[in-house]
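Fold and contact review
Here is what each chain is made of, one letter per residue.
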Amino acid sequence: QVQLVESGGGLVQPGGSLRLSCAASGDIFKIFLMGWYRQAPGKQRELVAHILRDGSTNYADSAEGRLTITRDNNKNTVYLQMNNQKPKDTAVYYCNAQVVVKANCIQLKVWGQGTRVTDSS
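Just so we're clear, the structure is a prediction, and the values are computed from it rather than from any experiment.

Parameters and conventions
Residues numbered from 1 in each chain as written. Predicted model: local features only at pLDDT ≥ 70, side-chain atom pairs only at ≥ 80, totals over all residues. Heavy atoms only, no water. Helix = DSSP H or I, 4+ residues; strand = E, 2+ residues; numbered from the N terminus. Rg over C-alpha atoms; globule rule 2.2 N^0.38 Å. Buried < 20%, exposed > 50% of the residue type's maximum accessible area, 1.4 Å probe, protein only. Phe/Tyr/Trp six-rings, centres within 6.5 Å; stacked < 30°, edge-to-face > 60°. Lys NZ or Arg CZ within 6 Å of the ring centre and 35° of its normal. Salt bridge = Lys/Arg side-chain N within 4 Å of Asp/Glu carboxyl O. Disulfide = S-S within 2.5 Å. Lys, Arg positive; Asp, Glu negative; His and termini not counted. Polar contact = N/O pair within 3.5 Å; in protein donor to acceptor, adjacent residues only side chain to side chain. Contact = heavy atoms within 4.5 Å.

Another point: the overall build of the protein. When helices and strands are counted, the protein shows zero helices and eleven strands. Its helices and strands in sequence order give the protein the pattern β-β-β-β-β-β-β-β-β-β-β, from N to C terminus. Taken against the 2.2 N^0.38 rule, which gives 14 Å for 121 residues, the C-alpha radius of gyration of the protein at 14 Å falls within 12% of a compact globule. Overall size of the protein, expressed as C-alpha extent along the three principal axes, is 50 × 25 × 25 Å. Relative to its 121 residues, the protein shows a buried fraction of 42%.

Going through the model one piece at a time under the given rule, you end up with one aromatic pair. Taking the ring centre of Y94 as reference, the NZ or CZ of R45 above it sits at 3.6 Å. Above the plane of the ring of W111 lies R45, whose end atom (NZ or CZ) is 4.7 Å from the centre.

What follows deals with the pattern of salt bridges. Counted by the stated rule, this structure contains six salt bridges. Measuring nitrogen to oxygen at the nearest pair gives 3.0 Å for the salt bridge that ties R66 to E64. Owing to a relative accessible area of 8%, R66 belongs among the buried residues under this scheme. Judged by its relative accessible area of 37%, E64 is partly exposed. The partner of E64 in a salt bridge is K88, and the shortest N-O contact between them spans 2.5 Å. Separated by 24 residues along the polypeptide, E64 in the loop between β6 (57-59) and β7 (67-72) and K88 in the loop between β8 (77-82) and β9 (91-101) bring together distant segments of the chain. A single salt-bridge network, built from bridges that share partners, covers R38, E46, E64, R66, K86, K88 and D89.

Moving on: the state of the cysteines. Applying the stated criterion to the full structure yields one disulfide. C22 shares a disulfide with C95; S-S distance 2.1 Å. Residues C22 and C95 are joined through a disulfide that is left-handed, its torsion about the S-S bond being -80°. In this pair, C22 is assigned in strand β3 (residues 18-26) and C95 in strand β9, connecting sequence segments 73 residues apart. Of the residues examined, C95 reaches a relative accessible area of 0% and is grouped as buried.

Relative to the helices and strands, R71 is located in strand β7. For the buried R71, no salt bridge exists, and the shortest N-O distance to an oppositely charged side chain is 7.3 Å, to D54. At 2.7 Å, the side chain of R71 forms a polar contact with the side chain of N73. Excluding residues that lie within four positions of it along the chain, R71 makes contacts with I31, F32, L33, M34, I51, L52, R53, T77, V78 and Y79.

Structure below.
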C-alpha cells in the first residue's frame, strides 16, 4: 500500500557532506511524522531525528548539530543533510513515516529498506 524508498547513501570522507532522501509513495492520504534512524555495525537501531508535518523537529544528541532533517510535504519526501561527517556516522540509515492510508484511513508506521553510509577513511 505504502512504500518508502531511501537514496543518497555511499562513501563519504571525514568532514564531508551527504544528503539522504526518502520518498513515500502509494495510497497516501496524509503523512504525519517522518524520521530517520540509523543502525551502526553491532549496535541497535537508534533515532537520529523526527520532523512533523508543520516542520517541527526533534533531534537525538548524536545529531550534534551536524545532521539536519527537512521535508517536502508536496513530494512526500524527507531529507537528512549530513555535514562534517565523522567515522561514528557509519551506519545503515532507515526512513520511517506515520502514514494515513487513503483507502481505509488507517494509520500505519512504515519503514524503508535502508541506505548505507560508510566512512571512507
